[in-house]
Amino acid sequence: EVEILDARTREKLCFLDKVEPHATIADIKSLFSKAHPQWYPARQSLRLDPKGRSLKDEDVLQTLPVGTTATLYFRDLGAQISWVTVRACVPRPCVPLSLCPPCHLDTVGVPSVSPTPPASPQNCTYYWGFAAWMAYYINHPLYTPPAYGDEQVKVALAVFLFCQLGNFSIHVALRNLRPAGSKTRKIPYPTRNPFTWLFLLVSCPNYTYEVGSWIGFTIMTQCLPVALFSLVGFVQMAIWAQGKHRSYLREFRDYPPLRSPIIPFLL
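Remember, predicted model here, so these are calculated numbers, not experimental data.

Cut-offs used in this document
- Residues numbered from 1 in each chain as written.
- Predicted model: local features only at pLDDT ≥ 70, side-chain atom pairs only at ≥ 80, totals over all residues.
- Heavy atoms only, no water.
- Pairing = 2+ DSSP bridges.
- Helix = DSSP H or I, 4+ residues; strand = E, 2+ residues; numbered from the N terminus.
- Axes fitted to C-alpha atoms, helices over the stretch in contact; angles between N-to-C directions.
- Buried < 20%, exposed > 50% of the residue type's maximum accessible area, 1.4 Å probe, protein only.
- Parallel < 35°, antiparallel > 145°, perpendicular 65-115°, else oblique.
- Contact = heavy atoms within 4.5 Å.
- Nonpolar A, V, L, I, M, F, W, Y, C, P; charged D, E, K, R; others polar.

1. A look at the sheet that holds strand S4 (residues 70-76)
So, point 1. One open sheet accounts for 4 strands, arranged S2-S1-S4-S3; its pairing is mixed. Looking at which strands have only one partner, the edges of the open sheet turn out to be strand S2 (12-16) and strand S3 (44-47). Put simply, the sheet's adjacent strands are angled 25 degrees from each other on average, direction ignored.

Have a look at this one:
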């Protein structure tokens, strides 16, 4: 039996009778959405404590610290859009590989090793807005070419492509870290691919390469909106990387001590 309360008011929203002990949180979300169709599974955050962390969809009810009647607290995440739709529709400038919430993979072509959360309309507005702003300046008739001309563009393009290849390599390495259907979590280590050697120094090299890509694109275009977008992206990715780094340290006692979250020896 599962009783679902509102995380803010603690009022009862739903009572699910005879829920199997081996039911997952995803199963409970589906049952809950039948009683409240406006809260489809992607909008739901279920927690054991009103201010606690969201339970994962793959968490099994019988493995949670609950009794015969489990009390879960619901929080509405708001309207959600699948990341597949976001990647297909949002014009992320120059197709960066990982300016998204922290997950192992975020491209359509490289399957994710863990479920990827949906995106909110705010995220789409962010990408569309910045894309439109950058495109307006870069394509404006009064746009000023880079100060050092073609040489600057070529060097910056080389930096951009190098970092994109590195980013892709990291995603592939993370995908291969967890076999299909497996839930085993492992410490990511460098492979024979030289692009993955950055794992020796940072926990989230995909974000490091992403920052490098945007630095290259900023130099290539020499455009203020691109620089601002790169700065905002770096701040957000640094926050995600620090969170992932802390998660690694909590989960693995033998985690390499020399690694930094995103910038070697600094951050």
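2. Here we look at unusual backbone geometry
So, point 1. Notably, Lys18 is not glycine yet its phi reads approximately 55 degrees, a positive angle.
So, point 2. Inspection of the secondary structure puts Lys18 in the loop between S2 and helix H1 (25-35).
So, point 3. We classify Lys18 as exposed; its relative accessible area is 71%.
So, point 4. Its identity is not glycine, yet Phe265 carries a phi of approximately 65 degrees, on the positive side.
So, point 5. Along the chain, Phe265 turns up in the segment after helix H6 (224-251).

3. So, the packing of helix H3 (residues 121-138) against H6
So, point 1. Viewed as axis vectors pointing N to C, H3 and H6 meet at an angle of 150 degrees, and their least axial separation amounts to 9 Å. What the angle tells us is that H3 and H6 run roughly antiparallel. Residue-level inspection shows Tyr126, Tyr127, Phe130, Trp133, Met134, Tyr137 and Ile138 of H3 in contact with H6, the latter providing Pro225, Val226, Leu228, Phe229, Val232 and Gly233.
So, point 2. Its residues assigned to classes, the contact of H3 with H6 comprises 12 nonpolar, 1 polar and no charged.

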